[in-house]
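Remarks on the overall topology
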Amino acid sequence: MRAALLALALLGPAGPVSAEGLMDRNVSFGALAYEDRAAPIFVGQRHPAKVSDGVEYGLGPEGPQNGWDIIPAIIDIRADRIVITYPDIPPDSFPVLEFNGYVLDFLTECVLFNSAAQNVELSTEALSEDAVFSEISQLFIDMSGVTFGPDTFIVIDVDVAPCPLG
């Protein structure tokens, strides 16, 4: 009996386990710009990745849509934080729209985020008060009006619910 319990303990749970924050989660990332959400001006390509200790995305131009294209950026997703940088680009600003930014879609069926907010102490530019929001397992980061360049760091802290890995 004791040997059987030990064997079960070594095997672990039968179903998918929870990740440590965002680590090991599958995510799809893309850019989105709109004045009217039902009629986007730009819908970027979806870039799949698995969150790890490395940088998940190095975005570059994808080809214009309605005169718009991607602003090159580096996106590093960590267990409880997302860091956005623009290392190799001259300073400029994101055009102001109702939404002009990034959508991270974590592939799970539960409400993934307890909260998400900009870490103003670690960021070099301030986002608007309502720029970071989530919908179930999607995280939206609105960059409208934000100045970017080689010294820009945008840091988003997330509190992740104990959702199983999908």
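Bear in mind that the values here come from a model prediction, so they are computed numbers and not experimental data.

**Side note on the sheet that holds strand E5 (residues 73-77)**
On the basis of which strands lie adjacent, the open sheet formed by 5 strands has the order E4-E5-E6-E13-E9 and antiparallel pairing. If you trace the sheet from one side to the other, it starts and ends with strand E4 (57-59) and strand E9 (113-118), each paired once. Ignoring strand direction, the axes of neighbouring strands in this sheet form an average angle of 15°.

**Section: the packing of aromatic side chains**
For any two aromatic rings, the description comes down to two numbers: the centre-to-centre distance and the angle of the planes. For the coordinates displayed, the defined rule picks out 11 aromatic pairs. Between Phe-29 and Tyr-57, the ring centres sit 4.7 Å apart and the planes meet at 25°, which makes this aromatic pair stacked. Of this pair, Phe-29 sits in strand E1 (residues 26-34) while Tyr-57 sits in strand E4, and the two are 28 residues apart along the sequence. Here the aromatic rings of Phe-99 and Phe-140 are separated by 5.9 Å at their centres, their planes lie at 85°, and the arrangement is edge-to-face. Here the residue Phe-99 occupies a position in strand E8 (residues 99-106), and Phe-140 occupies one in strand E11 (residues 138-142), the gap between them amounting to 41 residues.

**Some remarks on the nonpolar core**
The nonpolar side chains of a soluble globular protein tend to be buried with one another. Ranked by internal contacts, the top residues of the largest apolar core, which has 42 residues, are Leu-22, Ile-77, Ile-82 and Tyr-86. Mapped onto this core, the elements with two or more residues apiece are E1, E4, E5, strand E6 (81-85), E8, E11 and strand E13 (153-160). Beyond its immediate stretch of four places on either side in the chain, Ile-77 contacts Leu-22, Val-27, Val-51, Ser-52, Glu-56, Tyr-57, Ile-82, Leu-104 and Phe-106.

**So, the confidence of the model for the protein**
Of the residues in the protein, 87% have a pLDDT of 70 or more, and the chain-wide mean is 84. Across residues 1-18, where pLDDT falls below 50, the model places 8 contacts with residues more than four positions away in sequence or in other chains.

**Comments concerning the pairing of E5**
Each regular strand displays side chains that alternate between the two surfaces of the sheet. Counting buried positions over the 5 residues of E5 gives 4, a clear majority of the element. As paired strands, E4 and E5 are joined by 3 bridges and run antiparallel to one another. Bridge pairing in E5 places Gly-58 opposite Ile-74. Strand direction decides the pairing type here: E5 and E6, joined by 4 bridges, are antiparallel.

**Re the pairing of E6**
The buried fraction of E6 amounts to 4 of the 5 residues, a majority that puts the element mostly inside the structure. Linkage of E5 to E6, two consecutive antiparallel strands, is achieved through a turn of 3 residues. Judged from the 5 bridges that link them, E6 and E13 form a sheet pairing that is antiparallel. Residue Ile-84 lies in a different strand from E13, and its bridge partner there is Ile-154.

**Focus on the pattern of salt bridges**
One pass over the full model with this rule turns up 3 salt bridges. The salt bridge involving Arg-78 is made with Asp-76; its shortest N-O contact spans 3.0 Å. The exposure class of Arg-78 is partly exposed, given its relative accessible area of 38%.

**Here we look at unusual backbone geometry**
Across the chain, the bulk of peptide bonds are trans and the bulk of non-glycine residues have phi less than zero. Backbone geometry at Asp-24 places phi at a positive 70°, although glycine is not the residue there. As for its placement among the helices and strands, Asp-24 is situated in the loop between helix H1 (2-11) and E1. Overall, Asp-24 belongs to the partly exposed group, its relative accessible area being 44%.

**As for the side chain of Glu-62**
Of note, Glu-62 is situated in the loop between E4 and E5. It turns out Glu-62 is buried and unbridged, and the closest side chain with the opposite charge, Arg-46, is 8.7 Å from it. Those residues in contact with Glu-62, other than ones at most four positions away along the chain, are Phe-42, Gly-44, Gln-45, His-47, Asp-69 and Ile-70.

Conventions used here
- Residues numbered from 1 in each chain as written.
- Predicted model: local features only at pLDDT ≥ 70, side-chain atom pairs only at ≥ 80, totals over all residues.
- Heavy atoms only, no water.
- Pairing = 2+ DSSP bridges.
- Helix = DSSP H or I, 4+ residues; strand = E, 2+ residues; numbered from the N terminus.
- Axes fitted to C-alpha atoms, helices over the stretch in contact; angles between N-to-C directions.
- Phe/Tyr/Trp six-rings, centres within 6.5 Å; stacked < 30°, edge-to-face > 60°.
- Core = buried A, V, L, I, M, F, W, Y, C linked by side-chain atoms within 4.5 Å.
- Buried < 20%, exposed > 50% of the residue type's maximum accessible area, 1.4 Å probe, protein only.
- Contact = heavy atoms within 4.5 Å.
- pLDDT = per-residue confidence, 0-100.
- Salt bridge = Lys/Arg side-chain N within 4 Å of Asp/Glu carboxyl O.
- Lys, Arg positive; Asp, Glu negative; His and termini not counted.

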